[in-house]
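Summary of structural features
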Amino acid sequence: MADESEELKVSAPPKVSAGIHAVTNALRHLYGKMGPIRATRGMLKLNQKGGIDCQSCAWPDPEHRTINEFCENGAKALADEATKKKIGREFFASHSVAELAVESDFWINQQGRLTEPMILREAGTHYEPIGWDEAIGLVAGKLTSLASPDEAVFYTSGRTSNEAAFLYQLFVRKFGSNNLPDCSNMCHESTSVALAESIGLGKATIRLEDFEKTDLVIVIGQNPGTNAPRMLSSLAAAKKAGAKMIAINPLAEVGLTSFVDPNPQHGNPLSVLGFRPAKLADLHLPVRIGGDMAVLKGMMKMMLERERAKPGSVFDAEFIANETAGFDEFTASLDAVPWEEIIEGSGLTRDELDEAAEMVIAARSFITCWAMGVTQHTAAVATIQDIVNLHLLRGAIGRPGAGLCPVRGHSNVQGDRTMGIWEKMTPVFRANLEGEFGFTTPERDGLNTVESIAAMRDGKAKVFFAMGGNFAAASPDTEAVADALAKCDLTIQVITKLNRTAVTPGRMSIILPCLGRSEIDRQASGDQFVSTESTMLNVQMSKGIFEPASEHIRSETWIVCRLAKATLGVDGIDWDGFAADYDLIRDAIERVVPGFENYNVRIREPGGFYLPNPPREGVFPTPTGKALFKTTPLEFVRVQPGRMLMTTIRSHDQFNTTIYGLDDRYRGIDGGRRVIFMNEDDIAELGLSSGQPVDITSYWDDGERRVHGFAVVPYSIPKRCCAAYFPEANPLVPLGSHAKRSGTPTSKCIVVSVEPTL
Ligand SMILES: Nc1nc2c(c(=O)[nH]1)N[C@H]1C(S)=C(S)[C@@H](COP(=O)(O)OP(=O)(O)OC[C@H]3O[C@@H](n4cnc5c(=O)[nH]c(N)nc54)[C@H](O)[C@@H]3O)O[C@H]1N2
Ligand SMILES: Nc1nc2c(c(=O)[nH]1)N[C@H]1C(S)=C(S)[C@@H](COP(=O)(O)OP(=O)(O)OC[C@H]3O[C@@H](n4cnc5c(=O)[nH]c(N)nc54)[C@H](O)[C@@H]3O)O[C@H]1N2
Ligand code: SF4
Ligand SMILES: [Mo]
């Protein structure tokens, strides 16, 4: 891959995020890529009731919306999809796949929207145009010739709509496999596993309005200023109403420690709610990478000591007695954890932990928000269960202003899972799906993302089909994934824009270009809309407004229906009907997925509707009907001398593997992405200097992995911790290192060493 660096410039991170730079940046992307008229039309429809649901993150929209209800990164996502730049057969005729493969992700994305189906034939050097019928016939032919349906893998990324996702999983299960890995496997899987076990629902228990009713917000392992920018409005509203805030993060992220109007149109940060706190977080705990479990156990151990000294002063005894189970075992385990280990694991002082615990004790209600800084670790599931334990001790779930707030990533990743995109199935979903469509679903669990890579590598899976996403760049162990894909007989991407996976092909490769959410979806019965679910369980419609990038691109739903028909033949399912009228899909969803009663009516109401959320009502649908204290031993990673822990992070100028630009304004980085953020003492100890190119080696049971030429950036990060950007650092993430019980790659905790590049 080419190094796209311009001249790298590093400066001190700014004191405030958003504000005027956000305005200019958003407008530069919107007008630059879309032109003024199209950009203005798009902005007026983004996140409006009945408009386009923002393609970027899963943060919900407020009930009462202003005319510009989006942030800088929402604007970038819209501009990236609705760009006027296009690539067709001429582009592919003049660039071989080998030439494209050495270009950077930034360059590849900049080329524009895909406009027609393309095929790379066996032993071919260039993608060539192919008609839809022939392309779909080829895929169906390959699928039906497999020795077993489990020789195919069907990946999904979280931008896919509810309607397309539901039909896609139906097709895959009718075909005979549960091989439905998705981006969630690399993202919030640890959350889903942990919460389902502890409280009976793997999702958030709060709504937006709870931020105005809370006394404390804990943000742990999440960078909202970049990755869910409008969450800053909720944090500001909480602070305005008198709440405190704790940020637990190895980095002092600008969006957490200062404020900030995330809406680029407002421009002036002072305008936000007429209020500007000097500092958003009242307490920042610069935790050592992977030290979150130690932080949580430390806080709870201190609370236990205080409760014992003065019974009834800290814990919610009534809630614990009536609503929970496992309290005694849990407190005994807290007693057994030595303070020395808590201090070592967290990298913090006893005073810092005490201060955080005091803030929890002082809060009647509190909310904890988390994301990838927590989920992508070996002990992620247990750590999230400790977050739940902290809430249970205080009875802080299921009442106003109190609850759990995992912040999902992709705009519909949560909806896709609700629709059945999962390598497993709940018994209820299975029974309903079988009842509705009259077939027996495959019994065996399918492969998750990491298992799919291993299956392709080992020749057990031969076809890789991707409904969106960028598997080759997003997955751990870039080299292993490229090898795995190369071994496939056929790889297929349903995508809007060219990406690394399309140029990391199997023996044969097909690109099926699809509509983006901002485009008009015309089908036989008229223009269609789709729906998505936000991180707070709000289901809303999304309707495109722009003419499609080309008359030869198709909707995801149409593609699934055509493929299903070609693969399964006449099978009693009305695939043509579904493709023609998405209301019919929603009717079927209503009969299969609990909570979607009256789907077609309620989705048309302004703002849509909320799915049932029993824990929010104080009801815990676990097998015992109780919320469970889960007891696990303290875990953290110790590193031997000469090694460090590395985390991988997103810049302000990317959406996952889609690179919008080479700057990271909030961290003072300008013009490059191959950087490593390091503590100044570590830089001095290793005899390195700012800007010096270094090689990074990662260590795992199966050997070493290496990347070259990353520039050293001195940064405020705990000693023996460092950070680099995703996806540039993905070659270092070992395929075999994943979270216990959720299988999520441990992209936030990699053991590395750093040496000067020779
Ligand atoms: N603009 C934009 N928006 C996005 C995305 C994007 O790429 N760009 N991606 C979307 C997706 S799919 C997702 S999942 C979310 C991701 O959203 P986030 O999870 O906020 O994103 P990350 O940059 O991966 O890192 C999270 C934070 O965890 C911190 N961290 C790293 N290691 C640790 C640790 O060991 N402990 C603690 N406590 N903190 C740690 C990092 O310093 C960083 O601040 O954002 C979504 N929204
Ligand atoms: N080291 C490291 N690795 C990580 C992470 C990390 O923090 N560190 N984070 C992980 C996380 S949280 C996630 S979610 C994954 C993300 O993994 P993916 O979801 O696989 O990756 P994306 O970059 O979001 O996918 C972008 C591609 O989606 C296609 N696309 C865009 N819009 C549409 C659409 O409307 N329909 C269709 N069909 N295609 C579309 C475009 O062609 C684009 O190239 O990466 C994971 N990988
Ligand atoms: S907060 Fe997320 S969903 Fe909302 S406008 Fe910004 S990027 Fe889009
Ligand atoms: Mo994600």
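Residues numbered from 1 in each chain as written. Chains lettered and ligands numbered in written order. Predicted model: local features only at pLDDT ≥ 70, side-chain atom pairs only at ≥ 80, totals over all residues. Heavy atoms only, no water.

**Some thoughts on unusual backbone geometry**
A cis amide bond links Phe726 with the next residue in sequence, Pro727, at an omega value of 5 degrees. You can see Pro727 is positioned in the loop between β29 (721–725) and β30 (750–756). For Asn656, which is not a glycine, the phi torsion comes out positive at approximately 50 degrees. One can find Asn656 in the loop between β23 (654–655) and β24 (658–659). Residue class for Asn656 comes out buried when judged on its relative accessible area of 16%. The backbone of Arg741 sits at a positive phi, close to 75 degrees, despite the residue not being glycine. Summarising the element assignment, Arg741 is placed in the loop between β29 and β30. (Helix = DSSP H or I, 4+ residues; strand = E, 2+ residues; numbered from the N terminus. Buried < 20%, exposed > 50% of the residue type's maximum accessible area, 1.4 Å probe, protein only.)

**Details of the site of ligand 2**
Residues in contact with ligand 2 amount to 31 residues; listed here are only the nearest, Tyr155, Ser157, Ala474, Glu556 and Thr657. His410 has a polar side-chain atom sitting 2.8 Å from an oxygen atom of ligand 2. Take Lys497: an N or O atom from its main chain is 2.8 Å from an oxygen atom of ligand 2. Across the complex, the protein chains shield 96% of the 920 Å² of accessible surface that ligand 2 would expose by itself. The class makeup of the residues in the shell around ligand 2 is 12 nonpolar, 14 polar and 5 charged. Taken together, domain 1 (86–186 + 412–602) and domain 3 (644–756) each give at least three residues to the shell around ligand 2, which thus spans both. (Near = heavy atom within 4 Å. Polar contact = N/O pair within 3.5 Å; in protein donor to acceptor, adjacent residues only side chain to side chain. Areas by Shrake-Rupley, 256 points an atom, 1.4 Å probe, with all protein chains shown as cover. Nonpolar A, V, L, I, M, F, W, Y, C, P; charged D, E, K, R; others polar. Domains from an automatic or database assignment.)

**Details of the pattern of salt bridges**
Under the counting rule described, the total for this entry stands at 49 salt bridges. With a closest N to O distance of 3.0 Å, Glu685 and Lys719 form a salt bridge. Of the two residues, Glu685 is situated in helix α29 (residues 680–685) and Lys719 in the loop between β28 (703–714) and β29; the sequence distance between them amounts to 34 residues. In this structure, a network of salt bridges that share partners links the residues Glu72, Lys76, Asp653 and Arg665. (Salt bridge = Lys/Arg side-chain N within 4 Å of Asp/Glu carboxyl O.)

**Notes on the domain arrangement of the chain**
The domain boundaries assigned to the chain delineate domain 1 (86–186 + 412–602), domain 2 (189–406) and domain 3 (644–756). Taken residue by residue, the interface counts 12 residues in domain 1 and 13 residues in domain 2. Interface area for domain 1 against domain 2, summed over the two sides, is near 810 Å², with a carbon-plus-sulfur share of 47%. Taken together, the links from domain 1 to domain 2 amount to 2 salt bridges. Among the ionic pairs, Glu533 bridges to Lys203, the shortest N-O distance being 2.9 Å. Summed over the shared surface of domain 1 and domain 2, the number is 7 residue pairs in polar contact (both at pLDDT 80 or more). If you tally residues by element for the side of domain 1 that touches domain 2, the top one is helix α20 (residues 413–418), at 3 residues. (Contact = heavy atoms within 4.5 Å. Buried area = accessible area lost by both parts, 1.4 Å probe.)

**Thoughts on empty space enclosed by the protein**
Tallying each qualifying case throughout the model produces 5 cavities of 30 Å³ or more. By volume, the second largest cavity is sized at about 200 Å³. Asn47, Cys54, Cys57, Trp59 and Arg230 are the residues nearest the centre of the second largest cavity, which is lined by 24 residues in total. Of all the secondary-structure elements, those providing two or more residues to the lining of the second largest cavity are α3 (72–81), α10 (224–227), β18 (530–533) and β19 (538–542). (1 Å grid on protein atoms, 1.4 Å probe; cavity = no way out; pocket = protein on both sides within 12 Å on 5 of 7 lines; lining within 4 Å. Points joined across faces, edges and corners; volume = space filled by probe spheres on them.)

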